[in-house]
Amino acid sequence: MLRKLLQPCRKKGSDIYHHIPQLSNSNYHLFSSTLRQLFSPPFQTPCSVFQSGLVCMTLEKKNMAGRILLLLLCMNAVSFIVNAVPQTCPADLGGKCAEDDDWEGEFFPGIPKIKYEGTSSKNPLAYKWYNAEEEILGKKMKDWLRFSVAFWHTFRGTGADPFGAPTKYWPWEDGTNSIAMAKRRMRANFEFINKLGVDRWCFHDRDIAPDGKTLEEANANLDEVVALAKELQGDKIRPLWGTAQLFMHPRYMHGGATSSEVGVYAYAAAQVKKAMEVTHYLGGENYVFWGGREGYQSLLNTDMERELDHLARFLEAAVAYKKKIGFNGTLLIEPKPQEPTKHQYDWDAATTANFLRKYGLLGEFKLNIECNHATLSGHSCHHDLETARINGLLGNIDANTGDPQIGWDTDQFMTDIGEATMVMLSVIRNGGLAPGGFNFDAKLRRESTDVEDLFIAHISGMDTLARGLRNAAKLIEDGSLVELVRKRYSSFDTEIGAEIEAGKADFEMLEKLAKEWGEPKVASAKQELAEMIFQSAL
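Residues numbered from 1 in each chain as written. Predicted model: local features only at pLDDT ≥ 70, side-chain atom pairs only at ≥ 80, totals over all residues. Heavy atoms only, no water.

Cut-off, in case you're wondering: UniProt positions are given in the numbering used here, feature names are shortened, and annotations may be inferred rather than shown by experiment.
Under an unreviewed UniProt entry, the name given to the protein chain is Xylose isomerase, and the source organism is Theobroma cacao. Heading Catalytic activity (unreviewed entry) of the UniProt record for the protein chain holds this comment: "alpha-D-xylose = alpha-D-xylulofuranose". Per UniProt, the protein chain carries the Sequence similarities (unreviewed entry) text "Belongs to the xylose isomerase family."

1. Quick notes on the pattern of salt bridges
Counted only if it meets this: Any carboxyl oxygen of Asp or Glu within 4 Å of a side-chain nitrogen of Lys or Arg constitutes a salt bridge here. Put simply, DSSP marks the helices as runs of H or I at least four residues long and the strands as runs of E at least two long, and each gets a number from the N terminus on. Only protein chains enter the area calculation, which uses a 1.4 Å probe; residues under 20% of their type maximum are buried, those over 50% are exposed, and those in between are partly exposed.
Summed over the entire model, instances satisfying the criterion amount to 25 salt bridges. With its nearest N and O atoms 2.7 Å apart, the salt bridge here joins arginine 470 to glutamate 134. With arginine 470 in helix H14 (residues 451-478) and glutamate 134 in the loop between strand S2 (126-127) and strand S3 (135-136), this residue pair connects regions lying 336 residues apart in the sequence. Note that aspartate 211 and arginine 206 form a salt bridge whose closest N and O atoms lie 3.4 Å from each other. Overall, aspartate 211 belongs to the partly exposed group, its relative accessible area being 29%.

2. Digging into empty space enclosed by the protein
Here the idea is plain: a probe the size of a water molecule rolls over the atoms and shows the empty space left. How we decide: Here a cavity denotes grid points, spaced 1 Å and computed from the protein atoms alone, that fit a 1.4 Å probe unable to get out, and a pocket denotes an open set having protein on both sides within 12 Å along at least 5 of 7 lines; residues with an atom within 4 Å of a point are the lining. Grid points are joined across faces, edges and corners, and a volume is the space filled by probe spheres set on the points. All residues other than Ala, Val, Leu, Ile, Met, Phe, Trp, Tyr, Cys, Pro, Asp, Glu, Lys and Arg, Gly among them, are scored as polar; the first ten of these are nonpolar and the last four charged.
Applying the stated criterion across every chain yields a total of three cavities of 30 Å³ or more. In this model, the largest cavity occupies a volume close to 260 Å³. Taken together, 21 residues make up the lining of the largest cavity; nearest its centre are Phe289, Trp290, Gly291, Glu294 and Leu311. Taken together, the residues of the lining of the largest cavity sort by class into 14 nonpolar, four polar and three charged.

3. Describing the packing of aromatic side chains
Filter applied, for reference: Two rings from Phe, Tyr or Trp (for Trp, the six-membered ring) form a pair when their centres are within 6.5 Å of each other. A pair whose planes differ by under 30 degrees is stacked, one over 60 is edge-to-face, and the rest are tilted. Definition used: whenever NZ (Lys) or CZ (Arg) falls within 6 Å of the ring centre and also within 35 degrees of the ring normal, the charge is taken to sit over that ring.
Counted by the stated rule, this structure contains 25 aromatic pairs. The interplanar angle of 70° and the centroid separation of 5.2 Å between the aromatic rings of phenylalanine 108 and tryptophan 172 together place this pair among those described as edge-to-face. Here phenylalanine 108, found in the loop between helix H2 (64-81) and strand S1 (115-116), pairs with tryptophan 172, found in the loop between helix H4 (151-156) and helix H5 (179-196); they are 64 residues apart in sequence, far enough to count as distant. Taking 5.1 Å as the distance between ring centres and 70° as the angle between the ring planes, the aromatic pair formed by tyrosine 287 and phenylalanine 289 counts as edge-to-face. On the basis of relative accessibility, which here comes to 0%, the residue tyrosine 287 falls in the buried class. On the basis of relative accessible area, phenylalanine 289 is assigned to the buried category, the value being 11%. It is lysine 139 that lies over the ring of tryptophan 144; its NZ or CZ is 4.2 Å from the centre. Cation over ring: lysine 230 sits above tyrosine 281, and NZ or CZ is 4.9 Å from the ring centre.

The following block contains the structure:
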C-alpha cells in the first residue's frame, strides 16, 4: 500500500502553490526552491531532481520564456509523481478538510524505546547517565528528576523565527489546524513519551486543541482532544502541569489579567477556568501562570498600581476556583523579566516573592523557575533557584538554557554540566521538587530538522541533568565544599552569634563588643578553593 504523503500545499506568496499536488517533504522543498530561484534575481535555474528520476532540465538562457518553460516541465514531472495520491488541503482552511486522525503504523519508526547503556555507550539513542531506577542519596533518579515533555516545543515548534519561515515539516502534519490534526499530534506525543521512557507531559490549552470562533467552540475543541489524551495516558502518565495560553491571540495584546479592557480580563478568567478544569481532569500535578503579556511597554500610558491590583485579584480568583473544584495541584508562577513586553511584572524570583507577600498569596503559590529567564533578568539559574528555595517557593524547573552571546530567550536544551550540577545542588537542598519536576521548555535549533533530533535533544538534556545530580551528590557526600562554607561563617557559631541570629542583640550591646574586641580580623573567603572543589566533581 502506498504510504500516505502528508506534506500539504503551502501558500508561499503566489497562487501557483495552491495548484501543486501533494509532495513528499524532500520533493516539496526541491520544487519550492526551484520556484523561488526561477522568479527571483539573478534568476538562477538549477536542475532539481524529483522522485521517480524525473529531472527538471537546466536552462542556461536567462529569459522569461525559458523560465516559464522550465516551470511547466517541473509541474508536469510533479503530476506524474503524485498521480495516485489524493490532495491535501491548504493550511488556511481552518480544519474544514481533515476528516480523521488516522495514521498507519508508528509515528517514529526505527526509533526504539530509549534505554540506559552507561557512559561507555556511543549510541546517540541511549542514556549514558540517566538510569531511572538507580538510587542517589536514598531516592531513585526518576524521582529526583521527574522529567516532562513540553508539548508546545516538541510538537508545535516549527523552527520559524522573526527572520525566517518554518523549517520543520514532521511527517504526520497535514498543514491544518483541525481537530483531526490535533488528535494525530496527541497520538504522536504519547508514542514519543513512551519511547523516551518518561511519564509526564505539560501543555498550553491552545497548543493541544484549536481555538474556536467563540469561547464555547474553543472549549468543545479542547474537551474533544483532552478526552483522547485521557485515554492515551492510561494509568502511568499524567501532566506535570497545564496552563492557558494568554499571550498569542490579539485580544491579549495588552495582557490578560492586566489588560485595560474588562472584557479581556473576563475572557482570560474563563480560559484559565477551563484550562484548570482539564488539567484537573487529566490528573495534573500543577498549574502554571506565565504572564508573557502581563507587563507594559511604556509607563506613560500605564497605571501600574491598578494593573498589579488586578493581577492579584485574578490570582485570588484562581485560588478560590482551584479549591472549589477540588484540584489539589500546586499553583505555579513562572517569572520572566521581559519579552514580549518591555517589562514583565514577575521580573524574577525575588520580585515575584515580594508580589505574593504583598497580596497575601505566599501560601497559595510556588515558582516555576526557567533557567533562561533567570539569565535574561541578569542572574544565574542557580541564583533564582536559591532565591525561590530560601523563600519556600521552589516548585518546578523549566529545564533549558540560553546562549550568552544572544540577548533573548533561545530555549535551548541544557548541556552545560557545571550549570546542571549547581541546579541539582538547589534541588537536593530543597528535598526534591515533587509534585513539581523538570519540564523541557526547550526546542530544537532551527537547523535541526530530522525526527530523530527530537529524541537526541531530550536524551542529551536528561543525561545532562542526571550527570548534574550525580555530581551534586558527590559534592555533598565528600563534604569539603559544605565544610568550607561552614568555616567561613563559624564566627556566628558562638554565643553572641546565636543571639544576633535570634534577634536578641541590640545596637548598644554590639557597640560595647566592638569597643572591647577592637579592629576585627577578616578571613579569606577561599573562592578559588571552592571553585577547585566544585570543578573536581565534574
